[in-house]
Amino acid sequence: MAGPSELTEFRRAFVWLLCGMLLPSVALVAFGVVAVANERAAVESRLADEYRGRLLLLQRDLTERLDQAARTVAAAPHPEQPGEGDAAVRDGHRPAGRDSLVSAVRPLDDAATATDAALAEAGRRAATLPIGSHLFVSSDAGGERRAYALVRVAKPVGERTVAAQLDLARVASEIDRLARDRFPRDRAAFRLIPPRELPGGLAALRRMVAEVAPTADPASTVARLPLQAPLEGFTLSAEISGDDPAAALAFRNRTWYILALGLLYTGIGVGFGLTIREMRRGMKLSRLKTDFVANISHELRTPLTSVRLFAETLKEGRAESPEEVRQCLDLLSSEAERLSNLVEKLLDWSRLESGRKVLQRESTQVPRLLERVGEIFRAQQLRATYDTELEPDLPEVSIDRDAMTQVVLNLLHNAVKYTGDDKRIRLRARRKGSSVAIEVEDNGPGVRPQDRKKIFERFYRADDLLSRNTEGTGLGLAISKRIVEAHGGRIELDSRLGKGSTFRVVIPPGPV
């Protein structure tokens, strides 16, 4: 197990990881919430600024158009009698030279205008203007909104001021034409909106203007611009039909933000997971190192103790007969070989880990491989036997014979160590699809489910009574797995508690 100091370091690193990753991300989320909350207002403000500029251009075009109508009135011949020519307008005809925005032209002292105080005041100012000049004025006399252009014109004897009444319905339709000319590709509708507070008699004006410049429903007003004389109280409006453009733009920006935030958190999550995994691997490696030192110390101590004991026996002459001396020497040789095997396993693992072990692969017949395994197994005199089953006509495999022999012997040694006195061990070779499977089956206690994947890890040994009473370093299966994988194969385990285990080495066929 890892020591208390290592656990403390792990927890401290974990806390720093949380602080270093989660706190900035929480701050980022808070910033994002504020940004999203202000997004719609920012988009609406941007649209309002953009369309206000367009409304100013449209207002300038409208003013020029009204000035053109007034100049047309100034240049046209005017009847001497008040109201002359208006009957033609009422009959559907417009006198020659009359502008389409002008509905009627009367002298300022006409009875219809003489009683209008607003016109009278404006007339006194217009009287000071030169011939051909004009000014605009509006009037609500009689409960009806009217707009006039007061134009200074010449008459046969002297000069006078005439009041040209503007047709508001035609002005509203003219705004639509001016907008199409100025902004031919703009999807917004530009409308003339009457004043909100109207006298009772002016309700018809609102209906008239709405009929002349209708808009799609629903529509979102993105900008408004109040107008000056002669359209005081009227407003130029830019409206976009369909979905709210501010909401659409804000939704698009929020979508990109959420996607970016999702990618960020995905990256943070992946990094967090990888960091936690590396920290756990570091802690696990520390524990494995501690366990390895304990295991290898135990494994080395046992043969070294025996070597020292028998050496002291020979040195002090306690072995008196030649038979006793021979037994001591045999035991010394056995323990020395045990130490040599242990060191060789450590060296094998070191070479595999560092990549210095190079496989010398050659085409090999499976029966020949198993014969070699049997020869070495019998030479080791393990006081155990096994049965061999070979399927006929097995394909040749491309392997390193020494390395694969070591794999099969490791499996056989495990079968010998982890079975009882009644050992029933089988070594089989058969086809598995297009590959060759070499199986070692025993009648031991089996492998617990929680240990079946871990037993192939380096230095791992199952924590049970049988493993504690059996010598080993936890490297045999790890080395076997690495060798098999280096051949492009795999090693499998089938086990049932109390009924034994089957280790299977699957090797793909093929040339070197």
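Cut-offs used in this document
- Residues numbered from 1 in each chain as written.
- Predicted model: local features only at pLDDT ≥ 70, side-chain atom pairs only at ≥ 80, totals over all residues.
- Heavy atoms only, no water.
- Helix = DSSP H or I, 4+ residues; strand = E, 2+ residues; numbered from the N terminus.
- Pairing = 2+ DSSP bridges.
- Axes fitted to C-alpha atoms, helices over the stretch in contact; angles between N-to-C directions.
- Parallel < 35°, antiparallel > 145°, perpendicular 65-115°, else oblique.
- Left-handed = near helix turned anticlockwise from the far one by under 90°.
- Contact = heavy atoms within 4.5 Å.
- Nonpolar A, V, L, I, M, F, W, Y, C, P; charged D, E, K, R; others polar.
- Core = buried A, V, L, I, M, F, W, Y, C linked by side-chain atoms within 4.5 Å.
- Buried < 20%, exposed > 50% of the residue type's maximum accessible area, 1.4 Å probe, protein only.
- Arc of directions from axis to C-beta.

> Is there a simple way to think about the environment of Leu331 in this case?
Topologically, Leu331 is positioned in helix α8 (residues 322–354). When the C-alpha atoms of Leu331 and Ser306 are compared, they prove to be 8.1 Å apart, with 25 residues separating the residues in sequence.

> In this structure, what is going on with the sheet that holds strand β3 (residues 146–154)? I would like to understand it.
The strands making up a sheet associate through hydrogen bonds between their backbones, and the pairing can be parallel or antiparallel. Overall, antiparallel pairing links the 4 strands, which are arranged β1-β4-β3-β2 in an open sheet. The outermost strands of the open sheet, each flanked by one partner alone, are β1 (102–107) and β2 (134–139). Neighbour to neighbour, the strand axes of the sheet diverge by 30° on average, direction disregarded. One ladder, built from 6 bridges, connects β2 with β3; its direction is antiparallel. In the strand pairing of β3, Ser138 is matched with Ala147.

> Where do I start with the packing of helix α9 (residues 366–379) against helix α10 (residues 401–417) in this structure?
Each pair of packed helices can be summarised by the angle the axes make with each other and by the distance between the axes. Interhelical geometry of α9 versus α10 gives an angle of 55° and a closest axis separation of 10 Å. With respect to α10, the axis of α9 lies oblique. Between α9 and α10 lies a crossing whose hand is right-handed. Each of Leu369, Arg372, Val373, Ile376 and Phe377 in α9 lies in contact with α10, whose residues at this interface are Arg401, Asp402, Met404, Thr405, Val408, Leu409, Leu412, His413 and Val416. Split by residue class, the contact of α9 with α10 holds 9 nonpolar, 2 polar and 3 charged.

> How should the nonpolar core be read in this particular structure?
Inside soluble globular proteins, nonpolar side chains tend to come together where they are buried. In terms of nonpolar packing, the biggest core is built from 40 residues, with Tyr51, Leu62 and Phe190 touching the most fellow members. For this core, the elements supplying multiple residues, two or more each, are α1 (4–75), β1, β3, β4 (159–166), α5 (168–182), β5 (189–193), β6 (219–226) and β7 (235–241). When sequence neighbours within four positions are dropped, the list of residues in contact with Phe190 reads Tyr51, Arg54, Leu55, Leu58, Ile175, Ala179, Phe183, Ser237 and Ala238. Counting 38 residues, the second-largest nonpolar core is a separate cluster that includes Leu394, Met404, Ala429 and Ile491.

> Sorry if this is basic, but what is going on with helix α4 (residues 117–126) here?
Residue pairs three or four apart in sequence face the same way in an α-helix, which turns once every 3.6 residues. Looking at α4, one finds that the buried residues are Leu119, Ala122, Gly123 and Ala126. For α4, the angular spread of the buried residues around the axis is 110°, confining them to a single face. Looking at α4, the residues exposed on the side facing more than 90 degrees away from the buried face are Ala117 and Arg124.

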